[in-house]
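Structural characterization, general
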Amino acid sequence: MTGDTLSLLSLLGMVAVLLLVLGACWLFTRWAGTGLAGHFGVPVDRRQMKVVERLAVGRDQALLVVQLAGRTFLIGSSPSGFSLLAELTEEEGALWAVPPPGEDAAGRESPDFRAILRKFRDKK
């Protein structure tokens, strides 16, 4: 084998190793994103806190509907932190009721976020 052939084989070997490392990194991130949630901490289907809906209202601002221990909260999120905007009544919270895993939510009308926000504005 000549020097050029060895250099080419060496280069191909390095490219193959680089592709293997990148592939392994990709596989790990896919596994870590889905697999670690169930292996460490509380399994997804048994968590007490759920972010039911998120609505971006600005570049770094959002409104979140969060269910925690049977109660539903409207929370504002911004770069400076989180703010509790309101605790929803049971009736309002039922609009965002999360169906148990395996149940089909077909046929259920999703809540009108704007109408509910208008209702909060009118209360003040």
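Let us look at the structure shown here. In this text, all values refer to a predicted model and were calculated from it rather than measured experimentally.

1. Overview of the overall build of the protein
A tally of helices and strands in the protein yields 3 helices and 4 strands. What you see in the protein, going N to C, is helices and strands ordered as α-β-β-β-β-α-α. Contacts in the protein between residues far apart in sequence, at least 24 positions, make up 23% of those at least 6 positions apart. Accessible surface computed for the protein: about 9,900 Å², of which carbon and sulfur atoms make up 61%.

2. Comments concerning the pairing of strand β4 (residues 81-88)
With 7 bridges connecting them, strand β3 (residues 71-78) and β4 associate as antiparallel partners. Counterpart to I75 in the pairing with β4 is L84. Between the antiparallel neighbours β3 and β4 lie 2 residues.

3. A look at the side chain of T72
Within the element layout of this structure, T72 appears in strand β3. Residues contacting T72, with those up to four places away along its chain left out, are V65, V66, Q67, E87, L88 and G93.

4. Concerning a nonpolar patch on the surface
On the surface, a cluster of nonpolar side chains totalling about 980 Å² of accessible area is made up of L6, L8, L9, L11, L12, M14, V15, L18, L19 and L22. Take V15: it is sitting in helix α1 (residues 3-39).

5. Re the pattern of salt bridges
All chains considered together, the criterion is met by 1 salt bridge. Across the pair R71 and E87 runs a salt bridge whose closest N-O atoms are separated by 2.8 Å. Taken as a pair, R71 in strand β3 and E87 in strand β4 lie far apart in primary sequence, 16 residues in all. Exposure remark for R71: the relative accessible area of 43% places this residue in the partly exposed category.

6. A closer look at the nonpolar core
In terms of nonpolar packing, the biggest core is built from 9 residues, these being L63, V65, L74, A86, L88, W96, F113, I116 and F120. Elements represented by at least two residues in this core include exactly β2 (62-68), β4 and α3 (113-123). When residues in this core are grouped by element, the largest group, 3 residues, is from α3.

7. Notes on unusual backbone geometry
Of note in the backbone geometry, A69 takes a positive phi value of approximately 50 degrees without being a glycine. Topologically, A69 is positioned in the loop between β2 and β3. Residue class for A69 comes out exposed when judged on its relative accessible area of 56%.

So, how was this worked out
- Residues numbered from 1 in each chain as written.
- Predicted model: local features only at pLDDT ≥ 70, side-chain atom pairs only at ≥ 80, totals over all residues.
- Heavy atoms only, no water.
- Helix = DSSP H or I, 4+ residues; strand = E, 2+ residues; numbered from the N terminus.
- Contact = heavy atoms within 4.5 Å.
- Areas by Shrake-Rupley, 256 points an atom, 1.4 Å probe, with all protein chains shown as cover.
- Pairing = 2+ DSSP bridges.
- Patch = residues over 30% accessible without salt bridge, like charges linked within 9 Å, V, L, I, M, F, W, Y side chains within 5 Å.
- Salt bridge = Lys/Arg side-chain N within 4 Å of Asp/Glu carboxyl O.
- Buried < 20%, exposed > 50% of the residue type's maximum accessible area, 1.4 Å probe, protein only.
- Core = buried A, V, L, I, M, F, W, Y, C linked by side-chain atoms within 4.5 Å.

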